[in-house]
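So you can see what is in the structure, the chains are spelled out below.
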Amino acid sequence: SGSLKVQRGVFTNNTAFFGGAVAQLLHGTMLVSSSNFSQNHVLFDGGAVYSSLSDGSYIINSSFFENTAGGNGGGVGLYRFLSHSADVENCTFT
């Protein structure tokens, strides 16, 4: 378990299987704030940001532009949160 924190990040033209720019897997928390994600692509889920089985994920004041996924969540993929929260606030998706 641990934490992932991204503040004022800029991620452009990245590729991956999950989470083209940022991925949080298995426990811990994730905070993404005041960041920009453009034209990232994944084969499966979460074109720019992916989080699964996390203890909480928070994405605030960030923008997502033309991110794509072969599966679900072109901009953001958030999965399996059981009793923990996943919040997306004050973000733009285009």
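In the block above lies the structure referred to throughout.
Only a predicted model underlies this, so the values are computations on that prediction, with no experimental measurement involved.

Here we come to the overall build of the chain. What the chain contains, in helices and strands, is zero helices and 14 strands. Beginning at the N terminus, the succession of helices and strands in the chain can be written as β-β-β-β-β-β-β-β-β-β-β-β-β-β. For the chain, whose C-alpha radius of gyration is 12 Å, the value lies close to the compact-globule estimate of 12 Å for 94 residues. Oriented by its inertia axes, the alpha-carbon framework of the chain measures out at about 30 × 25 × 20 Å.

Right, let's get into the sheet that holds strand β2 (residues 10-12). Taken together, four strands build an open sheet; the order of strands is β2-β6-β10-β14 and the sheet is parallel. A single partner strand is all that each edge strand has here, and the edge strands are β2 and β14 (92-93). Note: strand β6 (residues 36-38) against strand β10 (residues 63-65), three bridges, orientation parallel. Paired with N36 across the strands is S63, a residue of β10.

This brings us to the environment of C91. Topologically, C91 is positioned in the loop between β13 (86-89) and β14. With a relative accessible area of 19%, C91 lands in the buried category. Sequence separation between C91 and G77 is 14 residues, and the spatial gap between their C-alpha atoms is 14 Å. In contact with C91, other than residues within four places in its own chain, are I59, I60, N61, S62 and F64.

Turning our attention to the nonpolar core. By size, the foremost hydrophobic cluster in this structure holds eleven residues: V6, V22, M30, V32, F37, A48, V49, I59, F64, V76 and C91. Not counting residues within four places of it along the chain, the set of residues in contact with V6 comprises F11, V22, L31, V32, S33 and S35.

Cut-offs and rules
Residues numbered from 1 in each chain as written. Predicted model: local features only at pLDDT ≥ 70, side-chain atom pairs only at ≥ 80, totals over all residues. Heavy atoms only, no water. Helix = DSSP H or I, 4+ residues; strand = E, 2+ residues; numbered from the N terminus. Rg over C-alpha atoms; globule rule 2.2 N^0.38 Å. Pairing = 2+ DSSP bridges. Buried < 20%, exposed > 50% of the residue type's maximum accessible area, 1.4 Å probe, protein only. Contact = heavy atoms within 4.5 Å. Core = buried A, V, L, I, M, F, W, Y, C linked by side-chain atoms within 4.5 Å.

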